[in-house]
Amino acid sequence: SAKASGRNCVRTFDPMLRRPNEDAGKLVPLLAAAIDRRLVSLVYQPIFDLRDGQMKAVEALMRLRMPDGTSVPPSVFIPIAERSGSIIELGRWAIKTACQDILASDRMTTVSVNVSPVQLRTPGFAASVAAILEETGVSGSRLALEVTEGLDMEMQPEVLRCVADLQALGVEIWLDDFGSGYAGLSWLRAIEFNTVKVDRTFLHDCSDERGLTMLQDMVALIRNRGNTILVEGVETEAQMSVLQNLSIDRVQGFHLGRPVTADLLEASA
Ligand code: C2E
Ligand code: MG
Ligand code: MG
Ligand code: MG
């Protein structure tokens, strides 16, 4: 069918996806041992207040280095870790490491860590975050968790309970990649997100009138709900002007700062 050939077509252009089963097969045991073998690390990308230009937070992004020195992008290894279950341990490691790094840092005030829907659905997740805060001595208000609306992610009562428990710890819950998925509006209704991150496709499409109108509508929708608006994927000065005109709260992107190691972030002060 056209759909099947379309999929094959994509595969031939992406070496990581060419033999998905084989690659996934190799990654599953590696991901299970990645923390012990020190193959995973975190990099941090700054998030700025658009009005005063101050760095307000950093987003932690996971990196995976293969034993041969090559790296595998999160878009490839995160879905595999979600299916194999390794995401639970990797996710806990990421939150703990981010908390340790923030304590050692002079520049990081707040850190946001991406969490998978698999983690949110796992019983005891909020308690494990509470334990990490307790262990590291980091105040909950310095931690934000970024959640993405997933296709298979319904508004289960356990998820809503988990979000409420986390917010009770002072931990902020941010909606990531808003507008890229399927359940965005129902999520927005069900959860009081502290910040909504507008998916970068809305910014990248706003070079024409129709695209700009879409971005404006999106911003109005979020603003009317009272959520802080963060636009990610800022790559040019022209995009910065568009966002300034829309009075966006916060911005993040390669134009403003790439993801770097904690050491480099400190040194760039
Ligand atoms: P995300 O959470 O939406 O993170 C933003 C992604 O966009 C990052 O890619 C970042 O490097 C990239 N980015 C930042 N600024 C720009 C820009 O100006 N232009 C463009 N084109 N891209 C930009 P990365 O690090 O490859 O991560 C991809 C995705 O993998 C993340 O998307 C997130 O969903 C997932 N991910 C990364 N680390 C973790 C983690 O620790 N746990 C979980 N569950 N997911 C993670
Ligand atoms: Mg994110
Ligand atoms: Mg995401
Ligand atoms: Mg995002």
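Residues numbered from 1 in each chain as written. Chains lettered and ligands numbered in written order. Predicted model: local features only at pLDDT ≥ 70, side-chain atom pairs only at ≥ 80, totals over all residues. Heavy atoms only, no water.

### Quick notes on the side chain of Lys197
1) Next: Along the chain, Lys197 falls in strand E7 (residues 195-198).
2) Next: Engagement of the side chain of Lys197 in a polar contact is seen with the side chain of Glu146, the distance being 2.8 Å.
3) Next: Beyond its immediate chain neighbours, meaning those up to four positions away, Lys197 contacts Glu59, Glu146, Trp174, Leu175, Asp176, Asp177, Phe178, Leu230, Glu232 and Gln252. (Helix = DSSP H or I, 4+ residues; strand = E, 2+ residues; numbered from the N terminus. Polar contact = N/O pair within 3.5 Å; in protein donor to acceptor, adjacent residues only side chain to side chain. Contact = heavy atoms within 4.5 Å.)

### Concerning the side chain of Asp249
1) Next: Summarising the element assignment, Asp249 is placed in the loop between helix H11 (237-245) and strand E9 (250-252).
2) Next: In this structure Asp249 comes out as buried when scored by relative accessible area, which is 18%.
3) Next: Within the local environment of Asp249, its side chain forms a polar contact with the side chain of Arg51, the two groups lying 3.1 Å apart.
4) Next: A distance of 2.7 Å separates the side chain of Asp249 from the backbone nitrogen of Ile229, its partner in a polar contact.
5) Next: Sequence-distant contacts of Asp249, defined by excluding residues within four places in its chain, comprise Phe48, Asp49, Leu50, Arg51, Asn227, Thr228 and Ile229. (Buried < 20%, exposed > 50% of the residue type's maximum accessible area, 1.4 Å probe, protein only.)

### Side note on the coordination of the magnesium ion (ligand 2)
1) Next: Looking at the magnesium ion (ligand 2), one finds its protein donor set to be Glu59 (OE), Asn114 (OD1), Glu146 (OE) and Asp176 (OD), positioned 2.0 to 2.3 Å from the metal centre.
2) Next: Read from N- to C-terminus, the donor residues coordinating the magnesium ion (ligand 2) fall into the pattern E-x54-N-x31-E-x29-D.
3) Next: A separation of 4.0 Å is found between the magnesium ion (ligand 2) and the magnesium ion (ligand 3), which are bridged by Asp176. Placement of Asn114 in strand E4 (residues 111-115) and of Asp176 in strand E6 (residues 172-178) is noted, with a sequence separation of 62 residues between them.
4) Next: Residue class for Asn114 comes out partly exposed when judged on its relative accessible area of 29%. (Donors = N, O, S within 2.8 Å, 3.2 Å for Na, K, Ca; no water.)

### Remarks on the nonpolar core
1) Next: Counting residues in hydrophobic clusters, the biggest one holds 75 residues, and the most contacted among them are Leu64, Ile95, Leu145 and Leu166.
2) Next: Every residue in contact with Ile95, bar those within four places of it in the chain, is listed here: Val113, Val115, Phe125, Val129, Ile132, Leu143 and Leu145. (Core = buried A, V, L, I, M, F, W, Y, C linked by side-chain atoms within 4.5 Å.)

### What to know about the site of ligand 1
1) Next: The immediate surroundings of ligand 1 are formed by 21 residues, with Arg63, Asn114, Asp176, Glu235 and Phe254 found nearest.
2) Next: Interatomic distance of 3.1 Å between a side-chain N/O atom of Gln45 and a nitrogen atom of ligand 1.
3) Next: Contact between ligand 1 and Phe254: an oxygen atom at 2.8 Å from a main-chain N or O atom of the residue.
4) Next: Look at ligand 1: alone it shows 800 Å² of surface, and the protein chains cover 83% of it.
5) Next: Of all the elements in the fold, those that place two or more residues in the shell around ligand 1 are strand E2 (55-65), helix H3 (74-84), E4 and E6.
6) Next: By residue number, the principal contributor to the shell around ligand 1 is E2, which donates four residues.
7) Next: Here the shell around ligand 1 is composed, by residue class, of eight nonpolar, five polar and eight charged. (Near = heavy atom within 4 Å. Areas by Shrake-Rupley, 256 points an atom, 1.4 Å probe, with all protein chains shown as cover. Nonpolar A, V, L, I, M, F, W, Y, C, P; charged D, E, K, R; others polar.)

### Observations regarding the pattern of salt bridges
1) Next: This structure, assessed with the given rule, holds eight salt bridges.
2) Next: Across the salt bridge formed by Glu192 and Arg225, the nearest N and O atoms sit 3.8 Å from each other. Placement of the pair is Glu192 in the loop between helix H8 (184-190) and E7 and Arg225 in the loop between helix H10 (209-224) and strand E8 (228-232), with a sequence separation of 33 residues.
3) Next: Assessed through its relative accessible area of 52%, Glu192 is described here as exposed.
4) Next: Between Lys197 and Glu232 there is a salt bridge, with its nearest N and O atoms 3.8 Å apart. Taken together, the positions of Lys197 in strand E7 and Glu232 in strand E8 put the pair 35 residues apart, joining distant regions of the chain. (Salt bridge = Lys/Arg side-chain N within 4 Å of Asp/Glu carboxyl O.)

### Describing the packing of H3 against helix H4 (residues 86-104)
1) Next: Following both chains from N to C, one finds H3 and H4 inclined at 120°, their axes separated by 5 Å at the closest point. By the criterion of interaxial angle, the relationship of H3 to H4 is oblique. Between H3, through Ile78, Ala81, Glu82 and Ser84, and H4, the contact on the second element is made entirely by Ser86, Ile87 and Leu90.
2) Next: Within the contact of H3 with H4, the residues separate by chemical class into four nonpolar, two polar and one charged. (Axes fitted to C-alpha atoms, helices over the stretch in contact; angles between N-to-C directions. Parallel < 35°, antiparallel > 145°, perpendicular 65-115°, else oblique.)

### Concerning the pairing of strand E5 (residues 143-148)
Regular strands have side chains that alternate between both faces of the sheet.
1) Next: Of all six residues that make up E5, five are buried, and the element is covered over most of its length.
2) Next: Here five bridges tie E4 to E5, and the two strands are oriented parallel to one another. The partner of Val115 across the bridge, within E5, is Val147.
3) Next: Alignment of E5 against E6, held across five bridges, turns out to be parallel. Within E6, the residue paired with Val147 across the bridge is Leu175. (Pairing = 2+ DSSP bridges.)

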